[in-house]
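Residues per chain, in single letters:
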Amino acid sequence: MATLKILVVDDEPGIRSGVERILRNFKVDYPFMDEMYEYKTMDAATAEEALELIDKDMPDIMLLDNKLPGMQGVELLEFIRKKKYDILVVMITSYASLELAVKATHDGAYDFIPKPFTPQELKSSLENITKQLYLKRMARQMKQEGKQVRFQFLSVLSHELKAPLNAVEGYLR
């Protein structure tokens with residue numbers, strides 16, 4: 001069973017503990033996936049705490065509130081984009097506006113869930129994110145395997161071409 005790490009960044013302790021409870025026994029499995037996925041949650045009350053946790057233990061997914069003490073959620077999202085961290089971010093906020101949704105999406109947010117959200121809404125979003133992460137990792141693996149196959153092909157090709165070329169060179173001399 002694979003585990004995806006989720007960082008919940010919200011200044012409301014009830015949201016952080018609620019997400020942890022919702023995901024405690026939640027697992028995602030699709031027929032095309034090699035294994036079932038479960039979730040390990042971490043939480044932070046501020047964007048600054050979140051940055052420390054990212055440096056210590058890079059999460060796969062971040063549930064990010066926009067209204068935070070200190071640095072705002074969209075600022076943290078912009079920082080993550082600039083650093084090119086491989087984190088799928090879902091914005092969760094009770095101050096949902098079209099402007100915020102557009103900015104967050106532009107800065108790399110994968111999804112946008114307005115508060116209050118139901119456990120099913122959160123689970124549904126995470127199912128989609130898990131599929132996305134799985135497919136992204138498979139594509140990366142296939143790309144790497146493709147590079148290895150091309151390298152092996154070129155190695156064999158160069159070896160196979162050397163033998164006839166050496167024979168031709170020998171006859172010419």
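Right above here is the structure, for reference.
Every chain is numbered independently, its residues counted from 1 as its sequence is written. Only residues with pLDDT of at least 70 are given local features in this predicted model, and only at 80 or more are side-chain atom pairs given and counted; all residues enter the totals for whole chains, interfaces and linings. Excluding hydrogens and water, the side-chain figures rest on all heavy atoms present in the structure.

Draft legend 1. The arrangement of the packing of aromatic side chains in detail. Two rings from Phe, Tyr or Trp (for Trp, the six-membered ring) form a pair when their centres sit within 6.5 Å of each other. Planes less than 30 degrees apart are called stacked, planes more than 60 degrees apart edge-to-face, and all others tilted. Inspection of every chain in the model, using the stated rule, returns five aromatic pairs. Taking 5.8 Å as the distance between ring centres and 50 degrees as the angle between the ring planes, the aromatic pair formed by F32 and Y134 counts as tilted. In this pair, F32 is assigned in the loop between strand 2 (27-28) and strand 3 (37-44) and Y134 in helix 5 (residues 119-172), connecting sequence segments 102 residues apart. Classification of Y134 by relative accessible area gives buried; the value is 8%. Each helix is a run of H or I in the DSSP string that is no shorter than four residues. Each strand is a run of E no shorter than two, and both are numbered from the N terminus. The classification of residues rests on relative accessible area computed with a 1.4 Å probe and restricted to protein chains. Under 20% of the type maximum is buried, over 50% is exposed, and intermediate values are partly exposed.

Draft legend 2. Geometry of a negative patch on the surface. Residues E48, E49, E52, D55 and E75 make up a contiguous surface patch of negative charge. In terms of residue count, helix 2 (residues 47-56) provides more of the negative patch than any other element does, four residues in total. Mapped onto the elements, E49 comes out in helix 2. Nonpolar side chains (Val, Leu, Ile, Met, Phe, Trp, Tyr) within 5 Å and like charges within 9 Å form the patches, drawn only from residues with over 30% relative accessible area and no salt bridge. Computed by Shrake-Rupley with a 1.4 Å probe, the accessible areas treat only the displayed protein chains as cover when residues are assessed. What makes a salt bridge here is a side-chain nitrogen of Lys or Arg within 4 Å of a carboxyl oxygen of Asp or Glu, nothing more. His residues and chain termini do not enter the charge count, which takes Lys and Arg as positive and Asp and Glu as negative. A single reference atom marks each charge: NZ on Lys, CZ on Arg, CG on Asp, CD on Glu.

Draft legend 3. Quick peek at the pairing of strand 3. Only strands that DSSP links by at least two bridges are regarded as paired with each other. Pairing of strand 1 (residues 2-9) with strand 3 involves eight bridges; the strand directions are parallel. The residue of strand 3 that forms the bridge with V9 is A44. Here strand 2 pairs with strand 3 via two bridges, running antiparallel. Residue pairing across strands places K27 opposite E38, the latter belonging to strand 3.

Draft legend 4. Up close: the packing of helix 3 (residues 73-83) against helix 4 (residues 98-106). Note on geometry: axes are lines fitted to C-alpha atoms, helical ones only across the stretch in contact, with angles between N-to-C directions running from 0 to 180 degrees. Remark: helix 3 packs on helix 4, axes separated minimally by 9 Å, with the N-to-C direction vectors making an angle of 20 degrees. Relative to helix 4, the element helix 3 lies roughly parallel. Between helix 3 and helix 4 lies a crossing whose hand is left-handed. Residues V74, L77, E78 and R81 of helix 3 form the contact with helix 4, whose own contacting residues are L100, K103, A104 and H106. A class-by-class count of the residues in the contact of helix 3 with helix 4 yields four nonpolar, one polar and three charged. Here is the rule for angles: anything less than 35 degrees is roughly parallel, anything more than 145 is roughly antiparallel, 65 through 115 is roughly perpendicular, and the remaining ranges are oblique. When the near helix sits turned anticlockwise from the far one by under a right angle, the crossing is termed left-handed; a clockwise turn instead gives a right-handed crossing. For this analysis, residues touch if any pair of their heavy atoms sits within 4.5 Å. In this classification, the charged set is Asp, Glu, Lys and Arg, the nonpolar set is Ala, Val, Leu, Ile, Met, Phe, Trp, Tyr, Cys and Pro, and all remaining amino acids, among them Gly, are polar.

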